[in-house]
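# Residue-level structural notes
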Amino acid sequence: MANTTASSEMEKSAKIFVAGHRGLVGSAIVRKLQDQGFTNLVLKTHSELDLTSQSDVESFFATEKPVYVILAAAKVGGIHANNTYPADFIGVNLQIQTNVIHSAYTHGVKKLLFLGSSCIYPKFAPQPIPESALLTGPLEPTNEWYAIAKIAGIKMCQAYRIQHQWDAISGMPTNLYGPNDNFHPENSHVLPALMRRFHEAKANDAEEVVVWGSGSPLREFLHVDDLADACVFLMERYSGFEHVNVGSGVEVTIKELAELVKEVVGFKGKLVWDCTKPDGTPRKLMDNSKLASLGWTPKITLKDGLSQTYQWYLENVV
Amino acid sequence: MAESISSDVSSMCDKSAKIYVAGHRGLVGSAIVRKLQELGFTNLVLRTHAELDLTRQADVESFFGQEKPVYVILAAAKVGGIHANNTYPADFIGVNLQIQTNVIHSAYEHGVKKLLFLGSSCIYPKFAPQPIPESALLTAPLEPTNEWYAIAKIAGIKTCQAYRIQHGWDAISGMPTNLYGQNDNFHPENSHVLPALMRRFHEAKVNGAEEVVVWGSGSPLREFLHVDDLADACVFLLDRYSGLEHVNIGSGQEVTIKELAELVKEVVGFEGKLGWDCTKPDGTPRKLMDSSKLASLGWTPKVSLKDGLLQTYDWYLKNVCNSQ
């Protein structure tokens, strides 16, 4: 499994297709590419290009002929959505991936980056989770549909590399946060959920915010702008067979996270823990040593990232 | 995982119901067609690859829109041995994922009443407990030489389960053990062990050779199921099983490679010597599926290994060696 750190910089005028450019990940990647002077981005909304339609995807690639592809388009959602719409989560994602990867290859795309998620790993993977943990044990049942689709995507990229010597790589991010995240009161992840709750408590002058659990579980968070930075880095410097974990290596307890969010939001009331409620997995941390050994490090501290995110939240969500 | 156990009510009482058998020219598909015809199912829809390319989403959608089959048996796949899997992994994973996603989704959308998806024992971990139960799925690493095909088949099982959960749609999966029988691949270089032995003993007999030497010690244990039994099990499952979990389809009949070779030698009528080259590797010591779930539903295989080999050799004589 050759890793290469040789630089193969993308030409600034090269046409880059970012699939899923309106999502949390895709929009951050677009921002990063634009920051870095990549001017020739091809972006299509879902209504402009339905990635589940094989013939539409083929026509698109034939017409546009992008040089690079970043596949950040997917059907995503939380536990409840996965449990209620499993056919969509596995079927739509498999269809998108199969269509885009195959059309990209057959239309001469030079390199493709496929994005997944830490949920590809076994439920009881060793912590920190190394890339080698893939398919070594049972998946977490609540998101196995999405996980199977993403695993199939990694394997497709590997298979196309072996058979066609085609440059397809996969990156697996840890928990992400930042602008364009989902702050929905019912189905957002823990970080945006906390941010919203502290904000509303502040706005409503509430006395306290009660958080479920003991606060002791350990989690890792990566700001989505760091993720985007890592994606560009991998596109320019990595052409290996194995997928690459993309994390911050920065672990915090849920308690530390909640206290930091409270401080950033400026809620002056009390933070209380409901220890009768479940904690969830004791620890979830990706092993990012492979990416670190390639020479990439995250730049955004959790506190700075939270401040920036809260600013965005105030301007765009409230 | 909520299961509905075998039903005493037959789902397939209507012999005129339109049944689409995808992959009807392959080892499995052709056996299923034979079995359905035997049982009086008269309304079979069959399409060759040239008539319907299952990797073309729009073609598959049109097909289902026009034909509107009631039942679908998905036995179409890109298949091959170790060498093919290693050389064409993109085809093995990509083509199979595309076929499956297209057929399962179109079948659901166009009102198919029930779909049976067929896989393979290679979906299981390389070091699964023996006999291999259905619950071994995704519990440990796959065999690297066929992981591309295996991932695609696992995704197929999971797609069927997902459609059942979300849409209440009746999709089931059957996972056969090693199969043999008519329409098998007898190619001298890439056939599986059973047809390979049959061909070698036959050629040795015809050429008056003194000896056939087989690689290994002959001690590994394997299970074989005649493809007509597989077809019988498929109709049985389609008729009586509507559970979430996939079902292993095996004979439960284990033989050593040595016993197999001796039986094939006898069936073919080769009078020379059978030698063993113990310097060559043996492969996995044992590979046997746990078929107790299917047995508890009430199905048993009918074709003994000896009878199956006789029938297969007869077919081989009429269809393979005459055309070589």
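Residues numbered from 1 in each chain as written. Chains lettered and ligands numbered in written order. Predicted model: local features only at pLDDT ≥ 70, side-chain atom pairs only at ≥ 80, totals over all residues. Heavy atoms only, no water.

### Section: the overall build of chain B
Across its full length, chain B carries 10 helices and 13 strands. Relative to the 2.2 N^0.38 estimate, which gives 20 Å for 324 residues, the radius of gyration of chain B is 20 Å and therefore close to what a compact globule would have. Considering only C-alpha atoms, chain B reaches an extent of 60 × 40 × 40 Å along its principal axes. Considering only contacts within chain B whose residues lie at least 6 apart along the sequence, 82% involve residues at least 24 apart. Surface summary for chain B: the accessible area is close to 13300 Å², and the carbon and sulfur share equals 51%. Side chains of chain B give 30 positive and 36 negative charges; the mean places of these two sets differ by 1 Å. (Helix = DSSP H or I, 4+ residues; strand = E, 2+ residues; numbered from the N terminus. Rg over C-alpha atoms; globule rule 2.2 N^0.38 Å. Contact = heavy atoms within 4.5 Å. Areas by Shrake-Rupley, 256 points an atom, 1.4 Å probe, with all protein chains shown as cover. Lys, Arg positive; Asp, Glu negative; His and termini not counted. Charge placed at Lys NZ, Arg CZ, Asp CG, Glu CD.)

### Side note on the pattern of salt bridges
The full count for this structure, using the stated rule, is 33 salt bridges over all chains. Between Glu64(A) and Lys15(A) there is a salt bridge; the shortest N-O distance is 2.8 Å. Of this pair, Glu64(A) sits in helix α2 (residues 54–64) while Lys15(A) is found in the segment before β1 (16–19), placing the two residues 49 residues apart along the sequence. Ionic pairing is found between Glu266(B) and Lys306(B), a salt bridge with its closest N-O pair at 2.7 Å. Taken together, the positions of Glu266(B) in helix α8 (residues 257–268) and Lys306(B) in helix α10 (residues 305–319) put the pair 40 residues apart, joining distant regions of the chain. Residues participating in the shared-partner salt-bridge network are Lys35(B), Glu38(B), Asp232(B) and Lys302(B). (Salt bridge = Lys/Arg side-chain N within 4 Å of Asp/Glu carboxyl O.)

### Some details on the sheet that holds strand β11 (residues 254–256) of chain B
In spatial order, the strands read β11-β8-β13 (chain B); together these three strands make up an open sheet with mixed pairing. Looking at strand neighbours, the two that pair on one side only are β11 and β13 (286–287) of chain B, the edges of this open sheet. (Pairing = 2+ DSSP bridges.)

### Some remarks on the UniProt feature "domain: NAD-dependent epimerase/dehydratase" (unreviewed entry) in chain B
Under the present numbering, the feature "domain: NAD-dependent epimerase/dehydratase" (unreviewed entry) in UniProt falls on residues 19–250 of chain B. Between the C-alpha atoms that bound residues 19–250 of chain B the distance is 24 Å, and the span itself is 43% helix and 16% strand. (UniProt positions renumbered as here; feature names shortened; annotations may be inferred.)

### Here's the deal with α2(A)
Of the residues making up α2(A), those classed as buried are Gln54(A), Val57(A), Phe60(A) and Phe61(A). Along the axis of α2(A), the buried residues cluster in a sector spanning 130°; they form a single face. Turning to α2(A), the residues buried within the fold contact β1, β2 (41–42), β3 (68–71) and α4 (86–106) of chain A together with α2 (57–67) and α4 (89–109) of chain B. Downstream of α2(A) by a residue or two, Lys65(A) has a phi angle that is positive, lying close to 45°. (Buried < 20%, exposed > 50% of the residue type's maximum accessible area, 1.4 Å probe, protein only. Arc of directions from axis to C-beta.)

### Side note on the side chain of Thr253(A)
Residues and elements named next belong to chain A. With respect to the secondary-structure elements, Thr253 resides in strand β11 (residues 251–253). Judged by relative accessible area, which is 18%, Thr253 ranks as buried. With near-sequence residues (within four places) excluded, Thr253 lies in contact with Gly215, Ser216, Pro217 and Leu218.

### As for the interface of chain A and chain B
Each partner contributes residues to the interface: chain A has 35 residues there, and chain B has 33 residues. Carbon and sulfur atoms supply 62% of the area buried between chain A and chain B, which totals about 2700 Å² over both sides. Considering only the surface of chain A that becomes buried against chain B, Gln54(A), Leu135(A) and Gln163(A) emerge as the three largest contributors, covering 21% of it. Applying the counting rule to chain A against chain B returns three salt bridges. The salt bridge involving Arg56(B) is made with Glu58(A); its shortest N-O contact spans 2.8 Å. Here chain A and chain B share 10 residue pairs in polar contact (both at pLDDT 80 or more) between them. Counting residues per element, the ones that place at least two in the side of chain A that touches chain B are α2, α3 (79–84), α4 and α5 (144–164) of chain A. Here the side of chain A that touches chain B takes 13 residues from α5(A), the largest share from any one element. (Buried area = accessible area lost by both parts, 1.4 Å probe. Polar contact = N/O pair within 3.5 Å; in protein donor to acceptor, adjacent residues only side chain to side chain.)

### A short note on the environment of Ile132(B)
Residues and elements named next belong to chain B. Relative to the helices and strands, Ile132 is located in the loop between β4 (114–118) and α5 (147–167). In this structure, the C-alpha to C-alpha distance between Ile132 and Leu237, residues 105 residues apart in sequence, is 19 Å. Leave out the neighbours within four places in its chain, and Ile132 touches Tyr124, Asn248, Lys287, Leu288, Met289 and Asp290.

### Considerations on the packing of helix α1 (residues 27–38) of chain B against helix α7 (residues 227–240) of chain B
Residue and element names in this part refer to chain B. One can describe the packing of α1 onto α7 by two numbers: an axis separation of 8 Å at closest approach and a directional angle of 65°. When you trace α1 past α7, the crossing you get is right-handed. Of α7, the residues touching α1 (which contributes Leu27, Val28, Ala31, Ile32, Arg34, Lys35 and Leu36) are Val227, Asp228, Leu230, Ala231, Asp232, Cys234 and Val235. Tallied by class, residues from the contact of α1 with α7 come to 10 nonpolar, no polar and four charged. (Axes fitted to C-alpha atoms, helices over the stretch in contact; angles between N-to-C directions. Left-handed = near helix turned anticlockwise from the far one by under 90°. Nonpolar A, V, L, I, M, F, W, Y, C, P; charged D, E, K, R; others polar.)

### Examining the packing of aromatic side chains
Each aromatic ring pair is summarised here by two numbers: the centre-to-centre distance and the angle between the ring planes. Evaluated as defined, the whole model comprises 20 aromatic pairs over all chains. Here Phe183(A) and Tyr313(A) contribute two aromatic rings whose centre-to-centre distance is 4.8 Å and whose plane-to-plane angle is 45°, an arrangement assigned as tilted. Linking Phe183(A) in the loop between β6 (176–177) and α6 (190–203) with Tyr313(A) in helix α10 (residues 302–316), this pair joins segments that are 130 residues apart in sequence. Each member of the pair, Phe183(A) together with Tyr313(A), is buried. Between Tyr20(B) and Phe64(B), the ring centres sit 5.9 Å apart and the planes meet at 85°, which makes this aromatic pair edge-to-face. Of this pair, Tyr20(B) sits in strand β1 (residues 19–22) while Phe64(B) is found in helix α2, placing the two residues 44 residues apart along the sequence. Here the two residues Tyr20(B) and Phe64(B) agree in accessibility, since each one is buried. Members of the aromatic cluster, joined through ring pairs, are Phe183(A), Tyr310(A), Trp312(A) and Tyr313(A). (Phe/Tyr/Trp six-rings, centres within 6.5 Å; stacked < 30°, edge-to-face > 60°.)

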